[in-house]
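Read off the chains here:
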Amino acid sequence: MSEILIQASALIGALLIVGAFAALQRGLTTSTSPAYLWANLVGSSLLAVVAIIDRRMGFILLETVWAGVSLWSIVRPARQATPA
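Residues numbered from 1 in each chain as written. Predicted model: local features only at pLDDT ≥ 70, side-chain atom pairs only at ≥ 80, totals over all residues. Heavy atoms only, no water.

*Asks:* How would you explain the overall build of the protein if you had to name every residue and give the values?
*Replies:* Helices and strands together make up the secondary structure of the protein, namely 3 helices and 0 strands. Of the regular secondary structure in the protein, the N- to C-terminal order runs α-α-α. Taken along its principal axes, the extent of the C-alpha atoms in the protein is 45 × 30 × 20 Å. Counting all 84 residues of the protein, 30% fall into the buried class. Long-range contacts, defined as pairs at least 24 residues apart, comprise 54% of the intrachain contacts of the protein with a sequence gap of at least 6. Only carbon and sulfur atoms are counted for the fraction: they give 71% of the accessible area of the protein, which is about 5900 Å². (Helix = DSSP H or I, 4+ residues; strand = E, 2+ residues; numbered from the N terminus. Buried < 20%, exposed > 50% of the residue type's maximum accessible area, 1.4 Å probe, protein only. Contact = heavy atoms within 4.5 Å. Areas by Shrake-Rupley, 256 points an atom, 1.4 Å probe, with all protein chains shown as cover.)

*Asks:* Account for unusual backbone geometry, naming residues and giving values.
*Replies:* At Arg55, a residue that is not glycine, the phi angle is positive and equals roughly 55 degrees. Within the secondary structure layout, Arg55 lies in the loop between helix 2 (34-54) and helix 3 (57-81).

*Asks:* Residues and numbers for the environment of Leu11, please.
*Replies:* Relative to the helices and strands, Leu11 resides in helix 1 (residues 3-25). Put simply, Leu11 and Leu41 are 30 residues apart on the chain and 15 Å apart in space, counted from C-alpha to C-alpha.

*Asks:* Please give an account of a nonpolar patch on the surface that cites residues and values.
*Replies:* On the surface, a nonpolar cluster with roughly 300 Å² of combined accessible area is contributed by Phe59, Leu62 and Trp66. Among the secondary structure elements, Trp66 is positioned in helix 3. (Patch = residues over 30% accessible without salt bridge, like charges linked within 9 Å, V, L, I, M, F, W, Y side chains within 5 Å. Salt bridge = Lys/Arg side-chain N within 4 Å of Asp/Glu carboxyl O.)

*Asks:* Can you lay out the packing of helix 1 against helix 2 for me, pointing to particular residues and giving the numbers?
*Replies:* The interhelical angle for the contact between helix 1 and helix 2, taken along N-to-C directions, is 150 degrees, at an axis separation of 8 Å. Judged by the angle between their axes, helix 1 and helix 2 are roughly antiparallel. For the pair helix 1 and helix 2, the crossing hand works out as left-handed. Seen from helix 1, the contacting residues are Ile6, Ser9, Ala10, Ile12, Gly13, Ala14, Leu16, Ile17, Ala20, Phe21 and Leu24; seen from helix 2, they are Tyr36, Ala39, Asn40, Val42, Gly43, Ser44, Leu46, Leu47, Val50 and Ile53. Class assignment of the residues belonging to the contact of helix 1 with helix 2 gives a composition of 16 nonpolar, 5 polar and no charged. (Axes fitted to C-alpha atoms, helices over the stretch in contact; angles between N-to-C directions. Parallel < 35°, antiparallel > 145°, perpendicular 65-115°, else oblique. Left-handed = near helix turned anticlockwise from the far one by under 90°. Nonpolar A, V, L, I, M, F, W, Y, C, P; charged D, E, K, R; others polar.)

*Asks:* How would you explain helix 2 if you had to name every residue and give the values?
*Replies:* Between its first and last C-alpha atoms helix 2 spans 30 Å; for 21 residues at 1.5 Å apiece the expected length is 30 Å, and the two agree. Regarding helix 2, the residues found buried are Tyr36, Leu37, Ala39, Asn40, Leu41, Gly43, Ser44, Leu47, Ala48, Val50 and Ala51. Looking one or two residues beyond helix 2, the residue adopting positive phi is Arg55, at roughly 55 degrees. (Expected span 1.5 Å × (residues − 1).)

*Asks:* Can you tell me about the side chain of Ser70, naming the residues and giving the values?
*Replies:* Checked against the element boundaries, Ser70 lands in helix 3. Judged by relative accessible area, which is 5%, Ser70 ranks as buried.

Listed below in structure tokens is the structure:
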């Protein structure tokens, strides 16, 4: 993977996460909003891929857990709405 693509992926991932956080802090979104959760999922997934390429174990752990929690938060409400 080219260095420019890796850097662009990292930058986009970071901007998604920081942008979502800034929107949350300004009251423009909520922590359960689909847009907030998807921005965190996509951003952390991009950063996880970059961390895997760079073999940064601490960031691999951080970003994969972050993506997992975001995905769980997206899927959980849909599972709860399904009749038993």
